[in-house]
Amino acid sequence: METDVRRIGIICPPDHDVFGPVASRLRDRGFDVDFLEPGVEIGSDALDELDLLVNKKVRWESLDALEYAHRNGIAAWNDYVASMVFLNRLSQLAALEAVGFDVPSVSPERPATEHVAKGFMDVHQDPTLNGDGDFYQPLLPFDGTDHKYYAVDDGSEVRMAVARFESKLFGEREFVGRGRVDPAVGERIERLLRFTGASALGVDVIEVDGQPHAVDVNPATSFRRTGLEDALVDSIATAVPAGRS
């Protein structure tokens, strides 16, 4: 039975400083928006009521919800397939390489030199400097700054912003300032969105000898300090199907 009001569920705390206001503006457009608690299993009854599922928190329970939506014809913004491409760190690297990025090499053996240790799955498990992991990458010579590219397909164009942060490898991820979009990097990220069907991504880029290297992708990023709220509202609204039976 069709209803006139489209319902959106966002896996995110309701007081999030970006997705909270985004939800309010979606309601102003006539959508019914519910927040779903991250880190807990979401029942099929709640998911079946949705026209669109949005995930803002990378947890196993969120992936379960995205998989259920995928299997049951419920639309998702950054769906299960796109999310799994990026949350598996090896397929993430393959996708980045496929669109033209330089990426760090991978080894199953723990090196004696400085390195970055990572788990296969990017689910609540940060990389560590010179630690143990499922696989290892060399620590590339960079200045300790991550250039975080945020990209949102708003339904008519891809809008981007760059924020610079101190790398979490060396301590807290402190905001350094806004950055400039490198056109070549932006083109690769647009290709990445098309390649995977993702609606929005955060891509961590570092500069090595003046050349950009992509080191991480987040399909459920925060979009803080980006000014992309308008693009997020348009993107999510565009992803809502016209109607479900």
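J.: Mind showing me how you'd approach the overall build of the protein chain here?
T.: The secondary structure content of the protein chain amounts to seven helices and 12 strands. At 18 Å, the protein chain has a C-alpha radius of gyration in line with the 18 Å of a compact globule built from 245 residues. Per-residue burial for the protein chain yields a buried fraction of 47% across its 245 residues. Counted over contacts in the protein chain with a minimum sequence separation of 6, partners at least 24 positions apart contribute 62%.

J.: Before we go on, may I ask you to explain the environment of L140 in this structure?
T.: Locating L140 in the fold gives a position in the loop between β7 (135-138) and β8 (145-153). Classification of L140 by relative accessible area gives buried; the value is 18%. Those residues in contact with L140, other than ones at most four positions away along the chain, are P104, I206, V208 and H213.

J.: How should helix α3 (residues 60-71) be read in this particular structure?
T.: Three- or four-residue spacings in an α-helix give side chains the same orientation, since the helix completes a turn every 3.6 residues. Its 12 residues give α3 an end-to-end C-alpha distance of 17 Å, which sits within 8% of 16 Å, the value for a rise of 1.5 Å per residue. For α3, the set of buried residues is S62, L63, A65, L66, Y68 and A69. Close packing links the buried residues of α3 with β1 (7-11), α2 (44-48), β3 (52-55), β4 (75-77) and α4 (80-87). Once α3 finishes, G73 follows within two positions and takes phi at roughly 70°, a positive value.

J.: What is the right way to look at the sheet that holds strand β11 (residues 200-208) in this model?
T.: Backbone hydrogen bonds hold the strands of a sheet together, and the pairing may be parallel or antiparallel. A sheet is described by the order of its strands in space; here five strands give the open sequence β10-β9-β8-β11-β12, paired in antiparallel fashion. Lying at the two open borders of the sheet, with one neighbouring strand each, are β10 (175-178) and β12 (211-218). Within the sheet, the average angular offset between the axes of one strand and its neighbour, ignoring direction, is 30°. Where β8 meets strand β9 (residues 158-166), nine bridges bridge the pair, whose relative direction is antiparallel. Note on β9: the bridge partner recorded for V152 is R159. Where helix α5 (residues 89-98) meets the sheet, its contacts fall on β11 and β12, and the angle it forms with β12 comes to roughly 140°.

J.: Would you mind going over α4 with me for this structure?
T.: Listed in full, the buried residues belonging to α4 are A82, S83, F86 and L87. Relative to the axis of α4, the buried residues are bounded by an arc of 125° and lie together on one face. Elements that come into contact with the buried residues of α4 comprise α3, α5, α6 (183-196), β11 and β12. The N-cap of α4, judged by a side-chain oxygen 3.3 Å from the amide nitrogen of V81 a few residues on, is D79.

J.: How do you make sense of the side chain of S83 when you look at a structure like this?
T.: Within the element layout of this structure, S83 appears in helix α4. Among residues more than four places away in sequence, those in contact with S83 are L63, L66, N78 and P219.

J.: Any chance you could explain the nonpolar core here in plain terms?
T.: Nonpolar side chains in soluble globular proteins tend to be buried together. In this structure, I8, L26, F223 and I236 are the most contacted members of the largest nonpolar core, which totals 27 residues. The set of elements that each furnish at least two residues to this core consists of β1, α1 (19-28), β3, β8, β9 and α7 (229-239). The element contributing the most residues to this core is α7, with five residues. Here I236 is in contact with I8, F19, V22, L26, L52, V54 and W77, once residues within four sequence places are set aside. Within the second largest apolar cluster, 23 residues are counted, among which are F86, L192, V203 and A214.

J.: In this structure, what is going on with the side chain of S235? I would like to understand it.
T.: Considering the arrangement of structural elements, one finds S235 in helix α7. S235 gets classed as buried once you look at its relative accessible area, which sits at 4%. Polar side-chain contacts of S235 include one of 2.7 Å to the backbone oxygen of D153. Once residues within four sequence positions are removed from consideration, S235 is found in contact with W77, V152, D153, D154 and S199.

J.: Teacher, can you tell me more about a nonpolar patch on the surface here?
T.: On the surface, L90, V106 and F120 cluster together to form a nonpolar patch covering roughly 240 Å² of accessible area. As for its position among the elements, V106 is in the loop between α5 and β5 (115-118).

Quick notes on the rules
- Residues numbered from 1 in each chain as written.
- Predicted model: local features only at pLDDT ≥ 70, side-chain atom pairs only at ≥ 80, totals over all residues.
- Heavy atoms only, no water.
- Helix = DSSP H or I, 4+ residues; strand = E, 2+ residues; numbered from the N terminus.
- Rg over C-alpha atoms; globule rule 2.2 N^0.38 Å.
- Buried < 20%, exposed > 50% of the residue type's maximum accessible area, 1.4 Å probe, protein only.
- Contact = heavy atoms within 4.5 Å.
- Expected span 1.5 Å × (residues − 1).
- Pairing = 2+ DSSP bridges.
- Axes fitted to C-alpha atoms, helices over the stretch in contact; angles between N-to-C directions.
- Arc of directions from axis to C-beta.
- Polar contact = N/O pair within 3.5 Å; in protein donor to acceptor, adjacent residues only side chain to side chain.
- Core = buried A, V, L, I, M, F, W, Y, C linked by side-chain atoms within 4.5 Å.
- Patch = residues over 30% accessible without salt bridge, like charges linked within 9 Å, V, L, I, M, F, W, Y side chains within 5 Å.
- Areas by Shrake-Rupley, 256 points an atom, 1.4 Å probe, with all protein chains shown as cover.
- Salt bridge = Lys/Arg side-chain N within 4 Å of Asp/Glu carboxyl O.

Geometric values such as these leave the question of function open.
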